[in-house]
Amino acid sequence: MASAFEYAPAPESRSIVDIAPSYGLFINGEFTEAADGKVFKTVSPSTEEVLSEVAEAGEADVDRAVQAARKAFEKWSALPGSERAKYLFRIARIIQERSRELAVLETLDNGKPIRETRDADLPLVAAHFFYYAGWADKLDHAGYGANPRPLGVAGQVIPWNFPLLMLAWKIAPALATGNTVVLKPAETTPLSALFFADICRQAGLPKGVVNILTGDGRAGAALIAHPDVDKVAFTGSTAVGKQIARTVAGTRKKVTLELGGKGANIVFDDAPVDQAVEGIVNGIFFNQGQVCCAGSRLLVQESIHDELLDSLKRRLGTLRLGDPLDKNTDIGAINSAEQLARITALADRGEAEGAERWSPACELPQNGFWFAPTLFTKVTQAHTVARDEIFGPVLSVLTFRTPDEAVAKANNTPYGLSAGIWTEKGSRILAVANKLRAGVIWSNTFNKFDPTSPFGGYKESGFGREGGRHGLEAYLDV
């Protein structure tokens, strides 16, 4: 049924963001060209327009940045925690002050809707800096012994799906514990990290404490392999995570890896259907499904399968796909042509293997990288769409009869990052959650994040935890 009211366009103005035609690398508190002068272009996924030209770091630049971080470490680590906290609080407040600007920038460079960058990403970014600012002078009470010491230089590589939020997850605990940082943002989303470099200068952060290197996977590989890096933190694909594990094997480097996932969203027959549908939609279509902990496998108890699916299809018919800068948009653009090709290939394979494909009627824009929200039904555990991480707006629907079958199917994956449980019975939530091999389990909700809560996975979803008190350990010599 057509909506009684159509939404009028409500575009957020781009004028608040001033994107320079070119950016250098941020090393030792200054923007500088790459040693070999190489550059690359960053484009907006929703329009394919070139936003800026960015320096491409090579091995010489990685070495310069690590040396700057090493030099800065001596004074930074010697500061009392209360002094480091002042810088973190300052950064958090500047992020809040510039949040509208940063939200628009993130939407332009990443393709996700302004509603998400404004209401989810940016508040969480500031919250992480506030939270770890509070820990900086309380490390003696974190449970890691008296006077825990920092590790040294942290080499951090982050993905393109939550560029600024992943930066906050990495940099905030590193600085709070007295480490210095060399961070490499993803090749397709470098701009918010470069704006953060400007925030570091605005906050008066000492030179060399934070260094930002833009570039491709080769720069990331050089950073991780650098002999003077003491700590490696990576969020990204499982395949790259395995390469990193091989690179650092046999070295003294401390490592945390937050990798892929194939999260199960389990809906029992006593769950409130409308509430569950909202959670399912949020679980897989938030950020166009480009979320490592997305609820990409829906496990529905057989007795409510038809009712839930009808309600879910109705809800998908109301989702608005289009201009990410429009405040009414629910589904934005896919981050890159490469990612769109991967999603398309895996969805086509699901259809070829016999799963039934369904998408609501929706018009895709002519320019940019777009993929309609997609459901697969009649899916078995052998189907590729039930096994492989698609990292896009594609949901695979499976059924179960008993709680034990639900647990068995949920755990039948090489991943173990997230899961969701929908039921009115608290005892069932606890019983099922205890049997699931997933690092984060949501009950009657999905994709809820908080800086006080640790996040991480099992098996091929990586190891180590980020967030909360647990997130401090990765940056301490304990």
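The shown structure was predicted, so the numbers you read here are calculated from the model rather than taken from an experiment. Within each chain, residue numbers correspond to sequence positions counted from 1 in written order. The predicted origin of the model limits local features to residues at a pLDDT of at least 70 and limits the giving and counting of side-chain atom pairs to 80 or more, whereas totals for whole chains, interfaces and linings rest on all residues. With hydrogens and water set aside, each side-chain value is computed from the structure's full complement of heavy atoms.

Trainee: How should the sheet that holds strand β5 (residues 50–55) be read in this particular structure?
Mentor: Sheets are built from strands paired through backbone hydrogen bonds, the pairs being either parallel or antiparallel. Note: two strands are recorded as paired if DSSP finds a minimum of 2 bridges between them. Numbering of helices and strands runs from the N terminus; a helix is a DSSP stretch of H or I covering at least four residues, while a strand is a stretch of E covering at least two. The strand order across the open sheet built from 3 strands is β1-β5-β4, with neighbouring strands paired in mixed fashion. Among the strands making up the open sheet, the edge pair consists of β1 (22–23) and β4 (39–43). Sheet topology places β4 next to β5; 5 bridges connect them, and they run antiparallel. By the bridge assignment, Thr42 is partnered in β5 with Ser52. Helix-sheet contacts for helix α6 (residues 191–202) involve β1, β4 and β5, and the interaxial angle to β5 is about 65°. Contacts are assigned to residue pairs that have any heavy atoms within 4.5 Å of one another. The axes are straight lines fitted to the C-alpha atoms, using for helices just the contacting stretch, and the angles between their N-to-C directions are given from 0 to 180°.

Trainee: Just to check I follow, could you spell out the nonpolar core for this structure?
Mentor: Inside soluble globular proteins, nonpolar side chains tend to come together where they are buried. What is meant by a nonpolar core is a set of buried Ala, Val, Leu, Ile, Met, Phe, Trp, Tyr and Cys residues, joined one to another through side-chain atoms within 4.5 Å. Only protein chains enter the accessibility calculation, which uses a 1.4 Å probe; a residue whose area is less than 20% of its type maximum is buried, one above 50% is exposed, and one in between is partly exposed. If you look at the biggest cluster of nonpolar residues, it comprises 109 residues, and the most contacted ones within it are Ile95, Phe129, Phe196 and Leu312. Where each domain begins and ends follows an automated or database-derived domain assignment. Here this core spans two domains, and each of domain 1 (14–259 + 458–473) and domain 2 (264–443) adds at least three residues to it.

Trainee: Would you explain the environment of Arg246 in this entry?
Mentor: Position of Arg246 relative to the elements: it lies in helix α8 (residues 238–248). Sequence spacing of Arg246 and Pro227 is 19 residues, and the spatial spacing of their C-alpha atoms is 15 Å.

Trainee: Mind showing me how you'd approach unusual backbone geometry here?
Mentor: The general pattern is negative phi for most residues beyond glycine and trans for most peptide bonds. With a phi angle near 50°, Asn147 is a residue other than glycine that sits in the positive phi range. Looking at the element boundaries, Asn147 is found in the loop between α4 (114–135) and β6 (153–157). One non-glycine residue, Asn444, lies in positive phi territory at about 55°. Mapped onto the secondary structure, Asn444 falls in the loop between β17 (440–443) and β18 (462–463). We classify Asn444 as partly exposed; its relative accessible area is 24%.

Trainee: It is not clear to me how a negative patch on the surface should be interpreted in this structure. Could you clarify?
Mentor: A surface patch of like charges, here negative, comprises Asp274, Asp306, Glu307 and Asp310. Here the negative patch gets 3 residues from one element, more than from any other, and that element is helix α10 (residues 305–316). As for its placement among the helices and strands, Glu307 is situated in helix α10. Patch membership is restricted to residues that have no salt bridge and whose relative accessible area is over 30%. Joining uses 9 Å for like charges and 5 Å for the nonpolar side chains Val, Leu, Ile, Met, Phe, Trp and Tyr. Accessibility throughout is a Shrake-Rupley quantity obtained with a 1.4 Å probe, and a residue counts as covered only by protein chains that appear here. For this analysis, a salt bridge means a side-chain nitrogen from Lys or Arg found within 4 Å of a carboxyl oxygen belonging to Asp or Glu. Charged-residue counts in this description rest on Lys and Arg as positive and Asp and Glu as negative, His and the chain ends being excluded. The atoms used to mark charge sites are NZ of Lys, CZ of Arg, CG of Asp and CD of Glu.

Trainee: Would you mind going over the pattern of salt bridges with me for this structure?
Mentor: Where charged atoms from two side chains of opposite charge come close, those side chains can pair. Per the counting criterion, the structure on display carries 31 salt bridges. For Arg70, the salt bridge goes to Asp228, with nearest N and O atoms at 3.1 Å. With Arg70 in helix α1 (residues 59–78) and Asp228 in the loop between α7 (217–225) and β9 (231–235), the pair connects residues that are 158 residues apart, well separated along the chain. Since its relative accessible area comes to 23%, Arg70 is described here as partly exposed.

Trainee: What is the right way to read helix α3 (residues 99–110) from this model?
Mentor: Given 3.6 residues per helical turn, the α-helix brings residues three or four places apart onto the same face. An ideal rise of 1.5 Å per residue puts 16 Å on 12 residues; α3 measures up with 16 Å between its terminal C-alpha atoms. Taken across its 12 residues, α3 has 10 buried, putting it largely inside the fold. Those residues of α3 that sit buried are Glu101, Leu102, Ala103, Val104, Leu105, Glu106, Thr107, Leu108, Asp109 and Asn110. Packed against the buried residues of α3 are β4, β5, α2 (81–97), α4, α5 (163–176) and α6. Positioned one or two residues after α3, Gly111 has a phi angle of 100°, which is positive. In this analysis, the expected span of each helix is defined as 1.5 Å times one less than the number of residues it contains.

Trainee: What is the right way to read the pairing of strand β15 (residues 394–400) from this model?
Mentor: For a regular strand, side chains alternate in direction, first toward one face of the sheet and then toward the other. Of all 7 residues that make up β15, 6 are buried, and the element is covered over most of its length. Direction of pairing for strand β12 (residues 297–301) relative to β15: parallel, over a ladder of 5 bridges. Bridge pairing in β15 places Gln301 opposite Phe400. In this structure, strand β14 (residues 374–377) lies alongside β15, joined through 3 bridges in parallel fashion. Within β15, the residue paired with Phe376 across the bridge is Ser396.

Trainee: Any chance you could explain the domain arrangement of the protein chain here in plain terms?
Mentor: Quoted interface sizes are often the accessible area lost when the parts come together. Annotation of the protein chain at the domain level lists domain 1 (14–259 + 458–473) and domain 2 (264–443). For domain 1 versus domain 2, the distance between C-alpha centres works out to 30 Å. Across the contact, 31 residues belong to domain 1 and 34 residues belong to domain 2. Roughly 2700 Å² is buried in total at the junction of domain 1 and domain 2, and carbon and sulfur atoms are behind 57% of that figure. Reported buried area values correspond to the accessible surface (1.4 Å probe) lost by two parts on association, with both partners' losses combined. When the buried surface of domain 1 facing domain 2 is broken down by residue, Trp160, Tyr458 and Lys459 rank first, second and third, together holding 22% of it. At the junction of domain 1 and domain 2, the tally comes to 1 salt bridge. With a shortest N-O distance of 2.7 Å, Asp330 and Arg115 are connected by a salt bridge.

Trainee: Is there a simple way to think about the UniProt feature "domain: Aldehyde dehydrogenase" (unreviewed entry) in the protein chain in this case?
Mentor: Mapped onto the present numbering, the UniProt feature "domain: Aldehyde dehydrogenase" (unreviewed entry) falls on residues 32–477. Measuring from the first to the last C-alpha atom of residues 32–477 gives 32 Å, for a span that is 41% helix and 15% strand. UniProt positions are given in the numbering used here, feature names are shortened, and annotations may be inferred rather than shown by experiment.

Trainee: When you look at the state of the cysteines in this model, what are you seeing that I'm missing?
Mentor: In a disulfide, the sulfur atoms of two cysteines are held together by a covalent bond. We call a pair of cysteine sulfur atoms a disulfide whenever their separation is within 2.5 Å. Applying the stated criterion to the full structure yields 0 disulfides. Cys293 carries a free sulfur, and the closest cysteine sulfur to it, the one in Cys292, is 4.8 Å from it. For Cys293, a relative accessible area of 1% puts it in the buried group.

Trainee: Any chance you could explain the sheet that holds strand β16 (residues 418–422) here in plain terms?
Mentor: Strand order in the open sheet formed by 7 strands is β13-β14-β15-β12-β11-β16-β17, and the pairing between neighbours is mixed. Single-partner strands in this sheet number two, and they are β13 (356–358) and β17. Averaged over all pairs of adjacent strands, the angle between their axes in this sheet comes to 20°, without regard to strand direction. Sheet analysis places strand β11 (residues 264–267) next to β12, joined by 4 bridges and oriented parallel. Along β12, the bridge assignment pairs Asn265 with Leu298.

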